[in-house]
Amino acid sequence: MKSWEEHCAHPHLPRSMAYKLVNAGFRFDGAAIFPILNLQCDDDSYSKGLAQGIRDFVARKTDVSADDLSAWHGEFEHLSEAGRYFFSTNRYIFKASKPTTHTG
């Protein structure tokens, strides 16, 4: 997963987003999560497409062997068939607005 983090400019941004918004002059109006949960790895699941994207990205690097990457990706189908598949992630939604300025 460390190899996958390189695909993103700031993989830990949600931790500091509220602070960054306020520091940039916005009013922080709240945050929410959009959870994604897959209990099967099939063609309709978000996680299957994500796993393929991760596999393809990491394959272009040299820090994970092709055999390890293939074993990692192949495990999802076996877990799904056995009823043991679990994938969960959150998408973070931040709401901010420009403070109103009063002219007098």
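Residues numbered from 1 in each chain as written. Predicted model: local features only at pLDDT ≥ 70, side-chain atom pairs only at ≥ 80, totals over all residues. Heavy atoms only, no water.

S.K.: I'd like to hear about the nonpolar core, residue by residue, with values.
M.R.: General note: in soluble globular proteins, nonpolar side chains tend to be found buried as a group. In this structure, Ile36, Cys41, Ala51, Phe76, Leu79, Tyr85 and Phe87 together form the largest nonpolar core, which totals 7 residues. Beyond its immediate sequence surroundings of up to four residues, Ile36 is in contact with Tyr46, Phe87, Ser88, Thr89 and Arg91. (Core = buried A, V, L, I, M, F, W, Y, C linked by side-chain atoms within 4.5 Å. Buried < 20%, exposed > 50% of the residue type's maximum accessible area, 1.4 Å probe, protein only. Contact = heavy atoms within 4.5 Å.)

S.K.: Talk me through the packing of aromatic side chains; I want residue IDs and the actual numbers.
M.R.: Overall, the coordinates contain 4 aromatic pairs when judged by the stated rule. Ring geometry for Trp72 versus Phe76: centroids 4.9 Å apart, planes at 80°, classification edge-to-face. Taken as a pair, Trp72 and Phe76 lie in helix H4 (residues 66–81) at a separation of 4 residues, close to a single helical turn. On the accessibility criterion, Trp72 (26% relative accessible area) is partly exposed. (Phe/Tyr/Trp six-rings, centres within 6.5 Å; stacked < 30°, edge-to-face > 60°. Helix = DSSP H or I, 4+ residues; strand = E, 2+ residues; numbered from the N terminus.)

S.K.: Which residues make up H4, and what values do they have?
M.R.: With 16 residues, H4 should reach 22 Å at 1.5 Å per residue; the first-to-last C-alpha distance of 24 Å fits that figure. Of all the residues in H4, the buried ones are Leu69, His73, Phe76, Leu79 and Ser80. Taken together, the buried residues of H4 touch helix H3 (46–59). Where H4 terminates, the next one or two residues include Gly83, which has phi positive at roughly 75°. (Expected span 1.5 Å × (residues − 1).)

S.K.: For the pattern of salt bridges, give the residues involved together with the corresponding values.
M.R.: Here the structure, examined in full by the defined rule, presents 3 salt bridges. Across the pair Lys48 and Asp43 runs a salt bridge whose closest N-O atoms are separated by 2.7 Å. Under the relative-accessibility criterion, Asp43 is labelled exposed at 69%. (Salt bridge = Lys/Arg side-chain N within 4 Å of Asp/Glu carboxyl O.)

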